Amino acid sequence: MTFEFKNPEIIDIEKVDSSPKPRPMQVGSEAARQEKVKTTSGQPITEFEGNANPYIDYESVDLLLSLQHPRSQGYDEMCFIIMGQAKELLFKSVYYELYNARIRVSVDDLPNASQIINRTKEMLLLLTKFWDVLATIRPEGFKSFRDHLNVASGQQSFMFRHVEFILGNKNKAMASVHKNVEHVYPAIQENLESPSFYDEVIRLLKKRGFDIAPECLDRNWAEPYKSHESIEKAWLDIYKDPQPSNDLYLFGELLTELADIFARYRFQHYTTVERILGFKPGTGGSAGVNWLKTMAAHRFFPELWTMRTDL
Ligand code: HEM
C-alpha cells in the first residue's frame, strides 16, 4: 500500500511496569461484590488508585500492548507483527490443552480428554482464520518490511515446535534451533524426549487390550514417529464398531478431526506464502514455498488416516 499512514499513540511505554511476573492483586468474593453493588447504584466502578487498574494488572495488558514495534515504513508490518504475536499466544493455549489432554489419556479419562480436544479443535480453527487476515498482505506490502526480518522466520517459533512435538512430530534438528536459548531449550528438550499425546493414546490402546507391538510402547521418544501395523490393526478393530457407545471409536474420530484441521492450517500457510512470495527463498534459509509444500503433506496420527482404505 502506498498511501500515507499513521501509527496511533496508545501507551507511553517508558511508564509501563516491564516485569513479566504476575502483579500483586487482591482476591474478591461474592459477598464483597454484593456489598459493592449497593454502593455503585448498579453502575461499573470508574475510579481506581495507583498507576493501573485491576483489569490492566490481571493480564498485564499495558505490557502486552507495548510489545508491537514495526521496524520499517511499511503499512502492513503492524498487521504481520500482531497476527504473529496473537498466533504465538494461541499456540501456547493449544499446548496447555494438549499437555493436559495427554495426562487425561494416560489415566484413561476419555470424557475429559475429549472435552479438552474439542476446545483445542476450536483454537486450531481460529488459527487457520489468521491466514485469511495475513493473505490480505499483498506482495509489495510484504516486500516493504521483509528485509527487516533478516533471517528471522516462524520456523524458529518455539511455541509452534512445542505443539508439533506434543502431537507427535518429533524432529531433533528443529529442537536444536533453540539450543542457545537457555530460558527456552530445557522445556523443548524435555518435550522432544517425552512420549507425545499420541504415544499415550497408543499406550491406552494396549491397556484396553489391543495387541500393540512392544517397540511402540517404549522407545526413544525423540526419534521421528513411524507408523506401525499393530496400531493400524487396533484402530481397524475399533472402527468395526462405529457406535456412540464405543468411546475409542469416538475418540479416534475426534483425533482425526484435530489432525485434519492441523493439515488445513499447514496447507493455508503454504498457499498464503505462495500468494505473497511466489517461489522466493524463505528468510529462514529454506527454499520457501516448496519446503512448506513438503511440510503440508504431514499428517498427525498417521494410522488413523491410512486404515481408512481398509474400512
Ligand atoms: C504471511 C506472512 C508469512 C510468510 C510469507 C511466511 C513464510 C514462511 C516461509 C517461506 C517459511 C519457510 C521457512 C523459511 O523461512 O525459510 C515459513 C515457515 C514457517 N512459518 Fe511462516 N510465513 C508467514 C507468516 C507466519 C506467521 C504469522 C507465523 C506464526 C507466528 C508463521 C509460522 C511459521 C512456522 C511455524 C514455520 C515453520 C513451518 C514448519 O516447521 O512446518 N509464519 N514461513
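Now for a quick tour of the structure. (Residues numbered from 1 in each chain as written. Predicted model: local features only at pLDDT ≥ 70, side-chain atom pairs only at ≥ 80, totals over all residues.)

1. A short note on the packing of helix H12 (residues 247-277) against helix H13 (residues 289-296)
H13 packs onto H12 with a crossing angle of 165° between their chain directions and a minimal axis gap of 9 Å. Comparing the axis directions of H12 and H13 gives the class roughly antiparallel. Remark: the crossing between H12 and H13 carries left-handed chirality. Of the residues in H13, those touching H12 at Arg266, Phe267, His269, Tyr270, Val273, Glu274 and Leu277 are Val289, Leu292, Lys293, Met295 and Ala296. Across the contact of H12 with H13, the residue classes tally to eight nonpolar, one polar and three charged. (Axes fitted to C-alpha atoms, helices over the stretch in contact; angles between N-to-C directions. Helix = DSSP H or I, 4+ residues; strand = E, 2+ residues; numbered from the N terminus. Parallel < 35°, antiparallel > 145°, perpendicular 65-115°, else oblique. Left-handed = near helix turned anticlockwise from the far one by under 90°. Contact = placed C-beta atoms within 7 Å. Nonpolar A, V, L, I, M, F, W, Y, C, P; charged D, E, K, R; others polar.)

2. A closer look at helix H7 (residues 158-167)
With seven of its ten residues buried, H7 lies for the most part within the structure. Those residues of H7 lying buried are Arg161, His162, Val163, Glu164, Phe165, Ile166 and Leu167. Immediately downstream of H7, the backbone of Gly168 shows phi near 125°, a positive value. (Buried ≥ 20, exposed ≤ 12 C-beta atoms within 10 Å, placed from the backbone.)

3. Some remarks on the site of the ligand
Near the ligand lie 25 residues; those nearest to it are Ser153, Gly154, Gly282, Gly284 and Ser286. Elements that contribute at least two residues to the shell around the ligand include exactly helix H4 (77-106), H12 and H13. Broken down by element, the residue count for the shell around the ligand peaks at five residues, all from H12. For the shell around the ligand, the residue count by class is ten nonpolar, 13 polar and two charged. (Near = placed C-beta within 6 Å.)

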